[in-house]
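Single-letter residue listing:
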Amino acid sequence: MAIPERAGRETTSSRIYDILRQDLVNGRFEAGEKLAISALKEHYAVGLSPLREALNRLAAYGLLIQENQRGFRVPKMDRQELDDIAGMRRELEGMALERAIGRGDAEWESELLAAAHRLKRADLATGQIDEWEQLHARFHRTLVAPCGSVWLLRFIEQLHDQFDRYRRLAPEAPDVRRILDAQHEELVELALKRNTRAARAVMEDHVQRSYEVALQSFAELK
């Protein structure tokens, strides 16, 4: 059966949205860069209508800036913005974790253990950064999944993407990375023990240490 034209366009738009979103978070485009529509069409092999739909969604999401009649631009990097993002992450993820621990059931515990196991295996692998990033994001989503608020989860995901624009530009910090990896396991242990206060404290410290790494992205931009 033929797919209706609108449905086909929406499917293509969603696919391009997901790809562009990852490319923007991964730093494929320079901060402040104006995007050339013609170049995007060629690179992603997509038509104008679904591409514009994807770009409009990304602008609404905050990963692009829409300029009146002048197309789209990648947001610049800003220290005050990073401070704001990190502060909101500490507050909202701490709140979501507390709620998740209070609401999580046996199925959540099983999913959390599985997500942590996959992430740990990726930690031990070399040259698999893309896989690690995906599993890392999945672990954090699983950790707070049963918080009971769709909007809270949406805000957290948006903050993660904005935060990762900075973090992925920063130089590697192996010593901090080892601490952050150990904190993933600690978060699981505390969540399973339903130790809400201690889990939130670890989460806030986890975000703070990641923030300190992300700050180094400004040194890379000089």
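Counting starts from 1 at the beginning of each chain's written sequence and moves along it residue by residue. Restriction of local features to residues with pLDDT of at least 70 applies here, the model being predicted, together with a cutoff of 80 or more for giving and counting side-chain atom pairs; totals for whole chains, interfaces and linings are based on all residues. Processing note: side-chain calculations cover all non-hydrogen atoms of the structure and skip hydrogens and water entirely.

## Quick word on the packing of helix 8 (residues 174-192) against helix 9 (residues 196-214)
A packed helix pair is summarised by two numbers, namely the angle formed by the two axes and the spacing between the axes. Throughout, an axis means a line fitted to C-alpha atoms (over the contacting stretch in the case of helices), and angles, computed between N-to-C directions, take values from 0 to 180 degrees. Under the scheme used here, helices are H or I runs from DSSP no shorter than 4 residues and strands are E runs no shorter than 2 residues, and both carry numbers assigned from the N terminus. The N-to-C vectors of helix 8 and helix 9 enclose an angle of 160 degrees; their axes lie 10 Å apart at closest approach. Taken together, helix 8 and helix 9 sit at an angle that is classed as roughly antiparallel. The element helix 8 and its partner helix 9 pack so that their crossing is left-handed. Within the contact between the two elements, helix 8 uses Val176, Ile179, Leu180, Gln183, His184, Glu186, Leu187 and Leu190 and helix 9 uses Ala198, Ala199, Val202, Met203, Asp205, His206, Arg209, Ser210 and Val213. Taken together, the residues of the contact of helix 8 with helix 9 sort by class into ten nonpolar, four polar and three charged. An angle below 35 degrees is treated as roughly parallel, one above 145 as roughly antiparallel, one from 65 to 115 as roughly perpendicular, and anything else as oblique. Handedness of a crossing is defined here by the sense of rotation of the near helix relative to the far one, left-handed for an anticlockwise turn of less than a right angle and right-handed for a clockwise turn. Residues count as neighbours in contact if any of their non-hydrogen atoms are within 4.5 Å of one another. Amino acids outside the nonpolar list (Ala, Val, Leu, Ile, Met, Phe, Trp, Tyr, Cys, Pro) and the charged list (Asp, Glu, Lys, Arg) are all regarded as polar, and Gly is one of them.

## Digging into the packing of aromatic side chains
Under the pairing criterion, centres of Phe, Tyr and Trp rings, with the six-membered ring standing for Trp, must be within 6.5 Å; the plane angle then separates stacked pairs below 30 degrees from edge-to-face pairs above 60, leaving the rest tilted. Considering all chains together, one arrives at one aromatic pair under this definition. Residues tryptophan 151 and phenylalanine 155 carry aromatic rings whose centres are separated by 5.9 Å and whose planes lie at 40 degrees to one another, so their mutual orientation is tilted. Separated by four residues within a single helix, tryptophan 151 and phenylalanine 155 lie in helix 7 (residues 150-167), roughly one turn from each other. Charges are assigned to positions over rings by a cutoff of 6 Å between ring centre and Lys NZ or Arg CZ, combined with an angular limit of 35 degrees from the ring normal. Across from the ring centre of phenylalanine 163, 4.7 Å away, lies the NZ or CZ of arginine 89, which sits over that ring. Here the guanidinium or amino end of arginine 177 rests over the ring plane of tryptophan 132, the centre of that ring lying 4.2 Å away.

## Observations regarding the nonpolar core
The biggest cluster of nonpolar side chains holds 36 residues, and the ones touching the most others in it are Leu82, Leu97, Leu112, Phe139, Leu143, Phe163 and Tyr166. Elements represented by at least two residues in this core include exactly helix 4 (79-103), helix 5 (106-124), helix 6 (129-144), helix 7, helix 8 and helix 9. The biggest single contributor to this core is helix 4, with eight residues. In contact with phenylalanine 163, other than residues within four places in its own chain, are Leu82, Ile85, Ala86, Arg89, Ser210, Tyr211 and Ala214. By nonpolar core we mean a set of buried residues, namely Ala, Val, Leu, Ile, Met, Phe, Trp, Tyr and Cys, connected to one another through side-chain atoms within 4.5 Å. Burial classification: accessible surface area is computed with a 1.4 Å probe over protein chains only, and a residue below 20% of its type maximum counts as buried, one above 50% as exposed, and the rest as partly exposed. In terms of nonpolar packing, the next biggest core, distinct from the first, is built from 21 residues, Ile16, Leu24, Val25 and Ala59 among them.

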